[in-house]
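Working through the structure, step by step
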Amino acid sequence: MKILICNRHLEYSLGGSEIQCDLIARHLHEHGHDVAYVALEASEPIEDPPYRIITAPSVHMRAMRRILKREAPDMVYWRYNRNTFFRAGLLCRMLGIKSVFSVSSPKDLEPWICFTEQARPLWSPKGAKTFAKRRAQQVMSRASYEGFRFFDGVVTLSLNLLNRVPDQPFGPTRREAIYNSMDPESITPFYWPRPYVAWAANLKRCKNPECFIDLARQLRDLPIDFLMCGAVQHDEYSYIEDPRQLPENIFYLGKKSVAEVNGIFGGALCMAHTCDPEGFGNNFIQAWMQKTPTVSLYFDPDELIETRRLGFLGRTPRRFAENVRRLYEDRSLREEMGRRARGFARQQFAPARNLPRYEAFFNAVVNHG
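A quick note: this is a predicted structure, and the numbers were derived from the prediction, not measured.

Each value, and the rule that gives it
Residues numbered from 1 in each chain as written. Predicted model: local features only at pLDDT ≥ 70, side-chain atom pairs only at ≥ 80, totals over all residues. Heavy atoms only, no water. Buried < 20%, exposed > 50% of the residue type's maximum accessible area, 1.4 Å probe, protein only. Helix = DSSP H or I, 4+ residues; strand = E, 2+ residues; numbered from the N terminus. Pairing = 2+ DSSP bridges. Right-handed = clockwise from strand over helix to strand, strands pointing away. Salt bridge = Lys/Arg side-chain N within 4 Å of Asp/Glu carboxyl O. Axes fitted to C-alpha atoms, helices over the stretch in contact; angles between N-to-C directions.

Comments concerning the pairing of strand S9 (residues 225-229)
Counting buried positions along S9 gives five out of five residues, so the element sits mostly inside the fold. Burial along S9 is two-sided: the face carrying Asp225, Leu227 and Cys229 and the face carrying Phe226 and Met228 are both buried. In this sheet, S9 lies alongside strand S8 (residues 196-200) in parallel orientation, the contact comprising five bridges. Within S9, the position partnered with alanine 198 by the bridge is leucine 227. Taken together, S8, helix H6 (residues 209-218) and S9 constitute a β-α-β crossover, and its handedness is right-handed. Sheet analysis places S9 next to strand S10 (residues 250-252), joined by three bridges and oriented parallel. Paired with phenylalanine 226 across the strands is isoleucine 250, a residue of S10.

Here's the deal with the pattern of salt bridges
A side chain of one charge can pair with a side chain of the opposite charge when the charged atoms of the two come close. The full count for this structure, using the stated rule, is 21 salt bridges. A salt bridge links lysine 2 to glutamate 71, with the shortest nitrogen-to-oxygen separation between them at 3.7 Å. A residue pair is termed long-range when its members are at least 10 positions apart, and lysine 2 in strand S1 (residues 2-7) and glutamate 71 in helix H2 (residues 61-71) qualify at 69 residues. Classification of lysine 2 by relative accessible area gives partly exposed; the value is 21%. A residue is classified by how much of its surface remains accessible, and glutamate 71, at 8% relative accessible area, is buried.

Side note on unusual backbone geometry
In this chain, glutamine 168 is followed by proline 169 through a cis amide linkage whose omega measures 5°. Relative to the helices and strands, proline 169 resides in the loop between helix H5 (159-162) and strand S7 (174-177). Residue asparagine 81 is not a glycine yet carries a positive backbone phi of 55°. Along the chain, the position of asparagine 81 falls in the loop between strand S4 (75-78) and helix H3 (85-95). Backbone geometry places arginine 315, a non-glycine residue, at a positive phi of 75°. If you trace the backbone, arginine 315 turns up in the loop between strand S13 (311-313) and helix H10 (317-329).

Here we look at the sheet that holds S7
By definition, the strands of a sheet pair up through backbone hydrogen bonds, in either a parallel or an antiparallel sense. Pairing within the open sheet is parallel, and its seven strands lie in the order S3-S2-S1-S4-S5-S6-S7. Edge positions in the sheet fall to strand S3 (52-56) and S7, since each of these pairs with one other strand and no more. Put simply, the sheet's adjacent strands are angled 20° from each other on average, direction ignored. Judged from the six bridges that link them, S1 and strand S2 (residues 34-40) form a sheet pairing that is parallel. Directly across from isoleucine 3, in S2, lies its bridge partner valine 35.

No statement about biological role is implied by the geometric values presented.
Here's what the structure looks like:
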């Protein structure tokens with residue numbers, strides 16, 4: 001098969017979907033497929049990957065049309081959320097190219113998405129302007145949602161998301177939930193002089209890093225530290241880079257590689273998760289593979305934390321802090337949950353299990369429609 005994978009590339013934007021696309025591209029290349037990775041929003045050449053890279057600085061349909069006509073792939077794998085989603089699906093349909101959309105978050109399945117907050121009263125000048133902007137976003141989102149009509153297949157990161165894919169005939173016939181994959185052996189050793197709780201995500205609103213800082217404040221009485229790592233992506237969190245503006249028990253380590261995050265998780269008492277409900281955060285998988293239980297404030301992917309007893313789901317800030325305290329104080333419980341987490345993760349999120357499932361799904365879409 002000749003496949004185009006369309007997403008940002010991890011050399012430019014290190015996130016969960018970029019890590020997964022790199023793994024998928026490597027697997028398909030190693031198994032004899034002609035793979036090209038269209039690195040969206042990338043302006044400079046990317047070196048090292050064994051697969052071909054096509055940089056696309058501007059994500060507009062004229063550029064995509066040129067790429068698709070030149071490459072003439074059997075299939076396009078679109079993992080760029082709902083950005084230009086409708087036009088990408090329509091373009092593939094017009095050119096007779098099979099297409100698969102990857103659902104990476106609940107927002108990918110919402111008909112009426114809105115990212116602008118209504119912070120001012122509607123009757124104020126700025127409030128009216130914000131209201132109009134919100135409505136415009138919702139209308140554009142609803143129009144984008146029609147793109148599901150043009151894709152030939154959908155892959156989701158969890159069973160819960162699979163159940164929300166639009167029904168046929170509006171949604172694609174072929175659909176499957178395939179968990180993300182991680183390599184448990186990619187580890188950079190890490191040392192910290194005191195016991196610590198780890199947090200890893202890019203610093204932006206939907207990740208709620210301020211909730212981790214509040215957790216550190218609530219647990220000041222414990223002889224433990226709180227370590228944060230990730231790139232600052234929203235300016236409102238730039239203060240986290242200044243140690244003077246943080247509690248004395250919290251330390252910001254900056255942006256870290258996947259192997260470095262694995263090392264940090266490997267020595268942690270637990271991984272604290274404060275993100276809004278999302279697809280299936282790689283940080284869960286990384287922590288579990290390193291034998292580290294998770295304490296989540298808001299989100300339990302496929303209810304695995306509670307049903308598999310891999311940690312705790314707090315639901316409220318008070319219970320969130322209580323759960324972390326309990327894991328610190330109860331070593332046997334912490335180790336028991338960690339053992340379960342590692343066993344479950346190495347079975348369910350192994351590359352050898354999940355990457356062939358992508359290959360089989362792509363084959364089915366290309367050869368059987």
